[in-house]
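Working through the structure, step by step
One letter stands for each residue in the lines below.
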Amino acid sequence: MSEDTTLAPDGAPRSALDRLADAVIAVAATALFGLVIVQGWQVFARYVINDSPSWTEPVTLLLLSIAMSLGAAAGVHTNRHFGFFLLQEHMRPTIRRLVELLVPLVIIAIGAVIAWWGAVLLFDGLHVKAAGARLPQSINYLPLSLGGALMVLFALNRFVRVLRPAPAGEGH
């Protein structure tokens, strides 16, 4: 069995980063689904059985952080997040090329800051327990840090793709 047999819609082989982005989107979507389930349970428990569980708020915040952070990172990979698309359409080709080179560098810088400070805040609060759940208070910074690191990875790939010359017949 071949190692890389997954094909993109256009028939081209899919890269490892494409598969990683798909996994990240799947995790983010699962977190959103989990968020709906947890909040549904919260509403049911509060208004139907009159026994509101304390764990739903911290779990909801964690799931929201996962969905937001990983979704933003996947948006960087699919080129749907952090862009000046409408503005670029009206730029001269040389300026457009400079913006195409600058945008991934800005994303790399922002992603690195998010990843770094997310990790700092995560480790700083690991010893503090969250109210209502058996989780560290700072667990919400884990997806933030991972999302920032993924933004860096996906933006580096974007930057490298911009640096490569376009194949013949693919002019802007």
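Residues numbered from 1 in each chain as written. Predicted model: local features only at pLDDT ≥ 70, side-chain atom pairs only at ≥ 80, totals over all residues. Heavy atoms only, no water.

Before going further, it helps to examine the packing of aromatic side chains. A full pass over the atoms with the stated rule returns one aromatic pair. Taking the centre distance of 5.6 Å and the plane angle of 35° together, the rings of Trp-41 and Phe-44 count as tilted. Highlighted residues: Trp-41 and Phe-44, both in helix 1 (residues 16-47), separated by three residues, approximately one helical turn. Trp-41 gets classed as partly exposed once you look at its relative accessible area, which sits at 37%. (Phe/Tyr/Trp six-rings, centres within 6.5 Å; stacked < 30°, edge-to-face > 60°. Helix = DSSP H or I, 4+ residues; strand = E, 2+ residues; numbered from the N terminus. Buried < 20%, exposed > 50% of the residue type's maximum accessible area, 1.4 Å probe, protein only.)

Closest axis-to-axis distance for the helix 1/helix 5 (residues 141-163) pair is 12 Å, and the angle between their directions is 145°. The two elements helix 1 and helix 5 meet at a crossing, and its hand is left-handed. Here Leu-17, Leu-20, Ala-21 and Val-24 of helix 1 come into contact with helix 5, specifically with Leu-150, Leu-153, Phe-154 and Asn-157. When grouped by side-chain class, the residues that make up the contact of helix 1 with helix 5 number seven nonpolar, one polar and no charged. (Axes fitted to C-alpha atoms, helices over the stretch in contact; angles between N-to-C directions. Left-handed = near helix turned anticlockwise from the far one by under 90°. Contact = heavy atoms within 4.5 Å. Nonpolar A, V, L, I, M, F, W, Y, C, P; charged D, E, K, R; others polar.)

Right, let's talk about helix 1 for a bit. Under the 1.5 Å per step criterion, the end-to-end length of helix 1 is 46 Å for 32 residues, consistent within 8% with the ideal 46 Å. Where helix 1 is concerned, the buried positions are Leu-17, Ala-21, Val-24, Ala-28, Ala-31, Gly-34, Leu-35, Val-38, Gln-42 and Ala-45. (Expected span 1.5 Å × (residues − 1).)

Here the focus is the layout of surface pockets. With a probe scaled to a water molecule rolled over the atoms, the places where space remains empty come into view. Roughly 290 Å³ of internal volume is contained in the second largest pocket. Around the second largest pocket, the lining is made up of 12 residues, and of these Ser-15, Asp-18, His-77, Asn-157 and Arg-161 lie nearest the centre. Mapped onto the lining of the second largest pocket, the elements with two or more residues apiece are helix 1 and helix 5. No other element matches the four residues that helix 1 contributes to the lining of the second largest pocket. Grouping the constituent residues of the lining of the second largest pocket by class yields two nonpolar, five polar and five charged. (1 Å grid on protein atoms, 1.4 Å probe; cavity = no way out; pocket = protein on both sides within 12 Å on 5 of 7 lines; lining within 4 Å. Points joined across faces, edges and corners; volume = space filled by probe spheres on them.)

Another point: the confidence of the model for the chain. Looking at the chain as a whole, the pLDDT averages 85, with 84% of positions reaching at least 70. Ranking the elements of the chain by mean pLDDT puts helix 3 (residues 85-89) last, at 70, and helix 1 first, at 94. Low pLDDT, under 50, characterises residues 1-8; the stretch is placed with 11 contacts to residues that sit more than four places away or in other chains. (pLDDT = per-residue confidence, 0-100.)

Its identity as a non-glycine residue notwithstanding, Asn-50 has a phi of 55°, on the positive side. Turning to its location among the elements, Asn-50 is positioned in the loop between helix 1 and helix 2 (56-77). A relative accessible area of 68% means that Asn-50 is categorised as exposed.

Along the chain, Val-103 turns up in helix 4 (residues 93-124). Classification of Val-103 by relative accessible area gives buried; the value is 6%. Sequence spacing of Val-103 and Arg-158 is 55 residues, and the spatial spacing of their C-alpha atoms is 9.2 Å.

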